[in-house]
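Tertiary structure, described
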Amino acid sequence: MQLQAHRAHPGTLKSVSVACAMALMFASAASHAQVAKPYFEFKKPGMVQIPGDLSLDTNGASAPVINATGMYKLGFEGVSQYDGATFARNFIPPDTIGAVGGTQYMSTTNGAYAVFDKNTGARTSLVSDVAFWAAAGQTGANGDTRVMYNADASRWVVIAFGASASDIQIAVSDTDNALGTWKSTKFTGYSGFGFGSTADYPTLAMDKNAVYIGTNNFAPATSGGTNSFRGTTLNVIPMASLFNAGAPTTTNFQQFVTPYDSASSTNVDRGFAIQGVNSNSAGSTGKVVASSLFITDNLAYTVGGLSTTSATAATLGPVTFAGTSANSPVAARQPSVAIPANQAIVAAGDERTSSSVYEVNGRIYAVTTVDPTGGAAEDRIRVTILDAATFATLSVTDIGDAGYDYYQGSIGVNSTGKVVVGYNRSGLDPATGKISFMARVFDTTGTGSLLAVGDEMLLKESLTDDYHNGSLFGAASVGRQRWGDYSSVSLDPTNDNQFYLIGEFAREYNNAAGGHPGGTGGSRWGTWVAVIDVAAAVPEPSTYFLMVMGLGAVGFLARRRQGAALNA
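Residues numbered from 1 in each chain as written. Predicted model: local features only at pLDDT ≥ 70, side-chain atom pairs only at ≥ 80, totals over all residues. Heavy atoms only, no water.

**Some remarks on the nonpolar core**
Stated precisely, the cut-off is as follows: By nonpolar core we mean a set of buried residues, namely Ala, Val, Leu, Ile, Met, Phe, Trp, Tyr and Cys, connected to one another through side-chain atoms within 4.5 Å. The buried label applies to any residue whose accessible area, calculated with a 1.4 Å probe on protein chains only, is under 20% of its type's maximum; exposed applies above 50%, and partly exposed to all values in between. A run of H or I in DSSP becomes a helix once it reaches four residues, and a run of E becomes a strand once it reaches two; helices and strands are each numbered from the N terminus.
With 40 residues, the main nonpolar core has Ile170, Ile213 and Val421 as its most contacted residues. The element contributing the most residues to this core is strand E31 (residues 404–413), with four residues. Counting residues in hydrophobic clusters, the runner-up holds 27 residues, among them Ala99, Tyr113, Tyr149 and Ala171.

Right, dumping it as structure tokens:
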């Protein structure tokens, strides 16, 4: 059963409270405990080599966007696939991510890293990922990079899996200047069967006590065999070890390994794509949100026994499920004029919690991509807000509009509960269906629901209407057209009302008509950084009616729905 508020604007948000029977959900989880979701797969980025990828392009084909009056203050192009190709580091997908610091914005992708002036968008550095890690003291990089800025330490943190995909490497800047020197360390993320092991899809989060890195573990059963899912690991590193006087270390860290055995009926569900919860509160630490391995739901649990100097006594608490129901997302549609319609889709990922999760004012905010009904077969961005103390679900809000797919979402929250969500949208409409980078702004109400502020914002529209990467122009796309695998929203450490968003868009065709002589391929990916200032934002008048009509029922159902716990 779903309770839906009245529609607001195009780019609609629907507040959803799910009153499904928790006992039935857990029975379903138990009955399918032997088999993890088949689409939770190894996602190592793929190298692409097509004529013309070495481009004369210098810093993107798009001019900056400057708006001195609205919430959308500044937009500028980040790293593009052409940038990576100049280093012979040409991968799909980009794994788009970035973070804002005191004066800079740093962006990382599979293949190339860049630093920008956060106030103007001017690019001040572009290096290959391999060169960055070599300067920090490591050899090579295979991708899945994440970057964050720690305001308490005034330092940058970057992680990736290394030249050996079984390793996780961590780099920490010596100062708040991303263009300065960095030091690094690495550790074995997953040793597996002793060959071909991969600590895949590493995540990154920080609170006052520790750094949290989750991995999805893969390994073949025999040398040269196919990678298979083997479980997950949560790595917990005390903050003092990361930000010590010398180089970062993993002293006094702990690894929580949750193995998976497809023949077993007793697999423990500690989730997939484990995301530690970011928090600036001194009194709140050691929380995890993840996507369930066996059912379409979020789960959460605590990490106890932590201090800033040690995680050796840490323990994991019981698992609590959010109790929301949905279907796995479908491939996202887009207008097609150059290739057959059945090829004009992009793989929008799955329902994993792919972006950072935040705790603010006693509430945890997370986003996923889902198909809410299955019948409509359209993707939506789902925002779930949990009580940080009990993990009870306070509200669930789906962002979407009929005829469009919404995917690859990310979220940021400031100290007053202002929420900014960035995401991609696409559809079949030839006028508005190009893959676009979009955003919405919300207030958090006293009961933990979202109240829309302003309309859906278009931040950057793709330059093509038929993104297909890795094949010749006009031909059917080769392989699954992966999009993502994530995006990010970060809060300016010097301005609590200013959010920096980064997402992906499709660049021009890689051929002569697109300005690339000798190129014969389809389009290429680009990334876009947008700055949204919520200081002068005023809620839409129509959303007051939504709040009055919807919050009573939402609160009633939230009080009834307490997360049931499964002890590991």
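Picking up where we left off.
**Regarding the confidence of the model for the chain**
The line we're drawing: Confidence of the predictor at the level of single residues is captured by pLDDT, which takes values from 0 to 100. Should any heavy atoms of two residues lie within 4.5 Å, those residues are considered in contact.
In this model, the chain carries an average pLDDT of 85, and 85% of its residues clear a pLDDT of 70 or more. Counting interchain partners and residues more than four positions distant, the pLDDT-below-50 stretch residues 15–33 has 44 contacts. Below a pLDDT of 50 lies the segment residues 541–568, which in the model reaches 51 contacts outside its immediate sequence neighbourhood of four places, other chains included.

**Side note on the sheet that holds strand E5 (residues 72–80)**
Heads up, the rule is: Two strands pair under a simple rule: DSSP has to find at least two bridges between them.
Here five strands make up an open sheet; going across it, the order is E4-E5-E37-E36-E35 and the pairing antiparallel. Unpaired on one side and paired on the other, strand E4 (65–66) and strand E35 (488–491) mark the two borders of the sheet. Of the pairings in the sheet, the one linking E4 to E5 comprises two bridges and is antiparallel in character. Note that in E5 the partner of valine 65 across the bridge is glycine 75.

**Overview of the pattern of salt bridges**
Here is the rule: Here, a salt bridge means any side-chain nitrogen of Lys or Arg that lies within 4 Å of a carboxyl oxygen of Asp or Glu.
Scanning the entire structure with this criterion turns up 17 salt bridges. In this structure, lysine 418 and aspartate 443 form a salt bridge, with 3.0 Å as the shortest nitrogen-oxygen distance. You can see lysine 418 sitting in the loop between E31 and strand E32 (419–427) and its partner aspartate 443 sitting in strand E33 (residues 436–444), a full 25 residues away along the chain. Under the relative-accessibility criterion, aspartate 443 is labelled buried at 17%. A salt bridge links arginine 507 to glutamate 508; the shortest N-O distance between them is 2.8 Å. Grouping residues by exposure puts arginine 507 and glutamate 508 together as buried.

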